[in-house]
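Below, each chain spelled out in residue letters.
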Amino acid sequence: MERYDVVIVGGGVIGSAIAYFLAKLGRKALILERERMASQASGAAAGMLGAQIEMGLDTGPLFQLARFSRSLFPELSTELRELSGVDIGLTQKGTLRTVYRDTEVAHFQDMIKRQHEAGEKAEWLTAGELAAREPNLREGAYGAVYIPQDGHVVAPELTKAFALSAVRLGAEIREFVEVSSLMLKDYQVQGVLTSAGPISCNHVILCAGAWSGRLAAQLGFNLGVYPVKGECFSVVSARPLLTSTVFSDDCYIVPKPGLRTIIGATVKPGSFNRQVTLAGIDQLLQSAKQVLPSIVDAEWEKAWAGIRPQTADGLPYLGAHPDWQGLTFATGHYRNGILLSPATGMMIADVVNGVATTGVDIHPFAPNRTVQV
Ligand code: FAD
Ligand code: GLY
């Protein structure tokens, strides 16, 4: 039987980041992906690194993990380009949260206060300052929150860069191989059963995104990961529509390299179905028009959908199985798997290696935590 040190189940951004950080520690991993690499959520993401904008008023463990992860991107971008030749498209031009209702002003100014208390940058732009910065936005805003450090990357390129860099350092990847179950004996993981036969290993890392719960259930372990579908579309314009990413009430708009703009995303819990609906696109277009009227003149590019892996308390599951030696979970990153991928890769590589190097507390993300909802 084939034998590996570590088998990673799932070739999304999380599995690829873990393979990369393991490879940097000299640990050889095999990624098993049942479709193509990044063919699910990781290829569908808008790529925002929204450590502050996505957390709202929350400055708890997820926020701590998110801002640590965001801080890793500048160096990572250079490192991955040198190893893989792939440019992840890191763009650091900030994120705006527009405020068009006077009743919301106090809430967003409170958010700025909390961000300052947490040691992060955030500022209130007046309507005039907003118009000067983003002249294409609809007039009539009361102002906006500007978060200079929430940038973005090109999501599918990030997975590709992690995966190719990991391979460069000794990892292996097999696409179109599905893991059907785990081989377990005496509370120790022995390997995995796959559509290409059994593979033995010392460690299995489960990062199968929204599908992770199915393999965990086999161990009688209720991981509580559930799917939340998101639809997006993109357009191409003759001139840039925006400089910064814009969040509004019901959509976000992300200016990408090459005059592309991504408009996202719907939030449909409980669905593994990746069909893009006209209702979903209509909802996004109506919302985008409210904030960026000139979007209607841009050229249609494409639409797509992905399945986010959500958990009941909104925190990912990161860490070792409490009973089974050699089994580790890294899943449930919901809306922020792109952002959280470097920190997750480092922390899970540390779990496998039995050391802790990041300074971020992994315990709030324990797979057997008591979930408060
Ligand atoms: P996935 O990318 O889903 O990868 C899991 C992989 O496991 C899949 O490729 C699947 O085929 C494979 N798999 C499953 N079961 C098996 C099996 N039995 N055997 C082998 N392989 C298996 N995050 C951000 O940080 N910023 C954003 O701007 C952002 N925007 C988003 C927009 C949309 C529309 C969506 C849907 C998500 C967005 N996200 C964003 C969230 C982000 O995409 C996810 O959190 C992240 O991609 C999860 O990565 P993953 O590797 O856990 O899952
Ligand atoms: N983080 C954006 C999304 O999940 O749609």
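In what follows, the structure referred to is the one given above.
Going along each chain's sequence as written, the residues are numbered from 1 onward. Following the order in which they are written, the chains are lettered starting with A and the ligands numbered starting with 1. Since the coordinates come from a predicted model, pLDDT governs what is reported: local features require at least 70, and pairs of side-chain atoms require 80 or more to be given and counted, while whole-chain, interface and lining totals use all residues. Excluded from the side-chain calculation are hydrogens and water; included are all heavy atoms of the structure.

(A) Examining the site of ligand 1 more closely. Being near a molecule or strand, for a residue, means having at least one of its heavy atoms within 4 Å of it. In the neighbourhood of ligand 1, 37 residues make up the surrounding shell, with E33, S42, M48, Y334 and R335 lying closest. S42 is positioned with one of its side-chain polar atoms (N or O) 2.5 Å from an oxygen atom of ligand 1. Within the contact set of ligand 1, a nitrogen atom lies 2.8 Å away from a backbone nitrogen or oxygen of R335. Starting at the N terminus, helices and strands are each numbered in turn, a helix being any DSSP run of H or I of at least four residues and a strand any DSSP run of E of at least two. Among the elements of the structure, α1 (13-24), β2 (29-33), α2 (41-44), β10 (225-236), β15 (299-311) and α9 (337-353) are those that each provide at least two residues to the shell around ligand 1. N or O atoms within 3.5 Å of each other form a polar contact, as long as, within protein, one can give a hydrogen and the other can take it, and as long as residues adjacent in sequence are counted only when both atoms are side-chain atoms.

(B) Up close: the pairing of strand β5 (residues 143-147). Residue exposure (1.4 Å probe, protein chains only): buried if accessible area is under 20% of the type maximum, exposed if over 50%, otherwise partly exposed. When you tally the buried positions in β5, you get five out of five residues, the bulk of the element. Along β5, one buried face is formed by G143, V145 and I147 and the opposite face, lined by A144 and Y146, is buried too. Bridge count between strand β3 (residues 95-99) and β5: five bridges; the pairing is antiparallel. Within β5, the residue paired with T98 across the bridge is A144. The pairing criterion is simple: DSSP has to find at least two bridges between the two strands.

(C) Region of the structure containing helix α4 (residues 105-117). Expected helix span is computed as 1.5 Å times (number of residues minus one). With 13 residues, α4 extends 19 Å from end C-alpha to end C-alpha; this agrees with the ideal 18 Å at 1.5 Å per step. Tucked inside the fold, the buried residues of α4 contact α3 (61-84), β3, β4 (123-126) and β5. Two residues form a contact once any of their heavy atoms are found within 4.5 Å.

(D) Structural context of the nonpolar core. In this description, a nonpolar core means a group of buried Ala, Val, Leu, Ile, Met, Phe, Trp, Tyr and Cys residues linked to one another through side-chain atoms lying within 4.5 Å. Among the nonpolar cores identified, the biggest contains 51 residues, and I8, I18, L22, L158, F162 and I205 are the most heavily contacted of them. Where this core is concerned, the elements lending two or more residues are β1 (2-9), α1, β2, α3, α6 (155-168) and α9. A total of nine residues in this core trace back to one element, the largest contributor, which is α3. If near-sequence neighbours (up to four positions away) are discounted, I205 is found in contact with V6, V7, I8, V9, I18, L22, T328, A330, I348 and V352. If you look at the next biggest cluster of nonpolar residues, it comprises 24 residues, including V7, V179, Y317 and F329.

(E) Structural view of the packing of α6 against α9. Between α6 and α9, the shortest axis-to-axis distance is 11 Å and the interhelical angle comes to 20 degrees. Classified by the angle their axes make, α6 and α9 are roughly parallel. Viewed along their axes, α6 and α9 form a crossing whose handedness is left-handed. Across the interface between the two elements, A155, L158 and F162 from α6 touch I338, S341 and P342 from α9. Between N-to-C directions, angles span 0 to 180 degrees; the directions come from axes that are lines fitted to C-alpha atoms, helices contributing only their stretch in contact. Every angle not falling under 35 degrees, over 145, or within 65 to 115 is termed oblique; those three ranges are roughly parallel, roughly antiparallel and roughly perpendicular. When the near helix sits turned anticlockwise from the far one by under a right angle, the crossing is termed left-handed; a clockwise turn instead gives a right-handed crossing.

(F) View of the site of ligand 2. Close to ligand 2 lie M48, E54, Y252, A265, R308 and R335. Within the side chain of E54, an N or O atom sits 2.7 Å from a nitrogen atom of ligand 2. With respect to ligand 2, the backbone of R335 contributes an N or O atom lying 2.8 Å from a nitrogen atom. Accessible areas in this description were obtained via Shrake-Rupley with a 1.4 Å probe; residue shielding takes into account the shown protein chains only. Surface burial for ligand 2 is 88%, taken as the share of its 200 Å² of free accessible area covered by protein chains. Gly is placed with the polar residues, together with every amino acid not listed as nonpolar (Ala, Val, Leu, Ile, Met, Phe, Trp, Tyr, Cys and Pro) or charged (Asp, Glu, Lys and Arg). The residue makeup of the shell around ligand 2, split by class, is three nonpolar, no polar and three charged.

(G) Highlighting the pattern of salt bridges. Salt bridge, as used here, is a side-chain nitrogen of Lys or Arg placed within 4 Å of a carboxyl oxygen of Asp or Glu. Taken as a whole and judged by the stated rule, the model has 17 salt bridges. Close ionic contact of K28 with E172 constitutes a salt bridge, the shortest N to O distance being 3.0 Å. Of this pair, K28 sits in the loop between α1 and β2 while E172 sits in strand β6 (residues 172-175); the two residues are 144 residues apart in sequence, bridging distant segments of the chain. Here K28 falls in the partly exposed class, since its relative accessible area comes to 38%. Salt-bridge contacts for E231 lead to K268; the nearest nitrogen and oxygen are separated by 2.8 Å. In this pair, E231 is assigned in strand β10 and K268 in strand β14 (residues 268-269), connecting sequence segments 37 residues apart. Residue classification places E231 among the buried residues on the basis of a relative accessible area of 0%. By relative accessible area, K268 is classed as partly exposed at 25%. By sharing partners, the salt bridges in this structure join R67, R70, E120 and D150 into a single network.

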